[in-house]
Structures are given as C-alpha cells and as structure tokens.
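Observations on the three-dimensional arrangement
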Amino acid sequence: MTLEQRIAQVNESIAEACKRAGRSPEEVNVVAVTKYVSAEMTGKVLDSGVEHIGENRWQTARPKWEALGDRGTWHFIGQLQSNKVKDIIGKFAYIHSLDRLSLARELERQAAAADIKIKAFVQVNISGEESKSGMLPEETFEFMRRMRDFPHIDAIGLMTMAPLDGEAEAARPVFRGLRELKDRLNASGEPAKPLEHLSMGMSGDFEVAIEEGATWVRLGSILVGKEED
Ligand SMILES: *Cc1c(COP(=O)(O)O)cnc(C)c1O
C-alpha cells in the first residue's frame, strides 16, 4: 500500500469508529509516529498533509527534526529522562509522557528559560502492569494540584498505553478507565483547568480507543509503515 492509501484507510477507520460511538471525526487528532522511518519518509508524510509528527526518542528524532523541524507540529511520546529535557524543549510542542514530578520540574525550568509553554499529557498506568510507565490513577489528583505551580506546562489531558499483546478489545477497559479518570479529575477541581484530551490508541487498538473517547491517537506502523516495508 502507498502512504496515500494508508492515510485514506486510517481516516475511514476513524470515521467508522466515530460513527459507532456517535462522535464527530473532527474530535479525533492523529499523531503520525515516525520512529520506524527515515527523514525522507517523514518528509513525505508531511507532504501528504499530515500535521502532527510523533517520536519517542530524541536520538531517532534528531535527523528528522533537523531536516524538517520547521514543518508540522512535533510530539514527544516516549519516556524522557530529566537530563534530556534540554534536547527537546522548544522543538516539541507536546509531550505525551509526563509521568513524574521531577520531570515536570525540569520541563517547567527549561520552558520558563526559553519563554515558551509546552502542552502535556500526564501518562497514567491504568492497567497497573509493573512493566508499564506512568503514574497510578490515585496519584494524578495530587499531581494535578502540584502542576498549578508550573505555569509553563499546559496540562491538557491524560495518556495511557494499553497492554501491547492481545486483542484490541482487551484494551477497552484500560481506555475506558482513562476516560473515567479524566472525568473524576475534572470533577475534583484539582487541575488548573478542565482536562480536555485523551491520548490513547495505537495501530492495533485505535478504533477501540476512539470508541472510548480518544481525542488523540498515535499511529506508527499502520499509517507511516516501517522502513523495511
Ligand atoms: C511506537 C509508539 C506508538 C505507535 O506504535 P504503532 O503500534 O506502530 O502504531 C504509539 N505510542 C507510543 C508511545 C509509541 O512508542
């Protein structure tokens, strides 16, 4: 399949999932995850009209960002060590993996120094698997309160990763759990402003994620493919 065909197919799947859930496709944003592909392919993705590019490590993002960073909007989606914040600040408009206070402190420090704001999703470990990163749901309430001290971080929503193996349907309770947590957080009044977004769903499970309320899906293999394709 060509890139254009893959994009068309993904858009169709999104439209169908929205229809099943009674949602508007305009509520669903796509991050094209380019971690498996070259700068050349990433350029083609941008040429085809995709706006949002996602990368999970600065090392793999770097050649692409250096070639194309003035185009599109860049999302950092992977685990981030605090000493790597300086590499990504000012380059990535969004971070999907804000998972601890020490990282928030460093993001705030660097964003304030650069006089910018970064949009952030707080990453939550809904499934409770020990191998998964993200904070526990109960920890997000206190965390959201602490975030009020960080004016250069705009906490816009929550992110989770579903168990990677298994059926897409098995991820449904995880996605539903994230949506319910967002509602509970907003009802609690802890976030400085109501959380609007849910970053959830990857190639194997994005349709289920959309049925459960995803406003951002992060699509790699199904959308941009892998380089050996
Ligand atoms: C790689 C990655 C994705 C995309 O994975 P696919 O299954 O290829 O769609 C999404 N989110 C994160 C955090 C990733 O690291």
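Since this is a predicted model, take the numbers as computed values, not measurements.

Some thoughts on the packing of aromatic side chains
How two aromatic rings sit relative to each other is given by the distance of their centres and the angle of their planes. Scanning all chains against the criterion turns up six aromatic pairs. On the numbers, 5.4 Å between centres and 85° between planes, the contact of Phe76 with Phe92 is edge-to-face. Taken as a pair, Phe76 in strand β3 (residues 73-76) and Phe92 in the loop between α4 (85-88) and β4 (94-98) lie far apart in primary sequence, 16 residues in all. The class for Phe76 is buried, based on a relative accessible area of 1%. Take Phe92: its relative accessible area is 2%, and that puts it in the buried class. Judged by centre distance (6.4 Å) and plane angle (25°), the rings of Tyr94 and Phe121 are stacked.

Describing the side chain of Lys182
Within the secondary structure layout, Lys182 lies in helix α7 (residues 172-188). The charged side chain of Lys182 is buried without a salt bridge, its nearest counter-charge being Asp183 at 4.2 Å.

Remarks on the pairing of strand β2 (residues 52-55)
The alternating pattern of β2 places His52 and Gly54 and Ile53 and Glu55 on opposite faces, both of which are buried. For strand β1 (residues 29-33) and β2, the ladder comprises three bridges, and the chain directions are parallel. Paired with Ala32 across the strands is Ile53, a residue of β2. With helix α2 (residues 39-47) bridging β1 and its parallel neighbour β2, the resulting β-α-β unit is right-handed. Both β2 and β3 contribute to a ladder of four bridges, which runs parallel. In the strand pairing of β3, Ile53 is matched with Trp74.

Points about the packing of helix α5 (residues 101-114) against helix α6 (residues 139-147)
One way to put it is that α5 packs onto α6 with a least axis distance of 11 Å and a crossing angle of 20°. Here α5 lies roughly parallel to α6, going by the angle between them. Seen from above, α5 lies across α6 with right-handed handedness. For the pair α5 and α6, the contacting residues are Leu101, Ala104 and Arg105 in the first and Phe143, Arg146 and Met147 in the second. Its residues placed into classes, the contact of α5 with α6 shows four nonpolar, no polar and two charged.

Observations regarding the pattern of salt bridges
A pair can form between side chains of opposite charge whenever their charged atoms are brought close. Inspection of the entire model under this criterion finds 17 salt bridges. The residue Glu211 makes a salt bridge to Arg20 at a minimum N-O spacing of 2.6 Å. Placement of the pair is Glu211 in helix α8 (residues 206-211) and Arg20 in helix α1 (residues 3-21), with a sequence separation of 191 residues. In this structure Glu211 comes out as partly exposed when scored by relative accessible area, which is 23%. A salt bridge links Arg23 to Glu27, with the shortest nitrogen-to-oxygen separation between them at 3.0 Å. Judged by its relative accessible area of 39%, Glu27 is partly exposed. Several salt bridges converge on common partners, so that one network encompasses Arg20, Glu169, Arg172, Arg176, Arg179, Glu211 and Glu212.

Cut-offs used in this document
Residues numbered from 1 in each chain as written. Predicted model: local features only at pLDDT ≥ 70, side-chain atom pairs only at ≥ 80, totals over all residues. Heavy atoms only, no water. Phe/Tyr/Trp six-rings, centres within 6.5 Å; stacked < 30°, edge-to-face > 60°. Helix = DSSP H or I, 4+ residues; strand = E, 2+ residues; numbered from the N terminus. Buried < 20%, exposed > 50% of the residue type's maximum accessible area, 1.4 Å probe, protein only. Lys, Arg positive; Asp, Glu negative; His and termini not counted. Salt bridge = Lys/Arg side-chain N within 4 Å of Asp/Glu carboxyl O. Pairing = 2+ DSSP bridges. Right-handed = clockwise from strand over helix to strand, strands pointing away. Axes fitted to C-alpha atoms, helices over the stretch in contact; angles between N-to-C directions. Parallel < 35°, antiparallel > 145°, perpendicular 65-115°, else oblique. Left-handed = near helix turned anticlockwise from the far one by under 90°. Contact = heavy atoms within 4.5 Å. Nonpolar A, V, L, I, M, F, W, Y, C, P; charged D, E, K, R; others polar.

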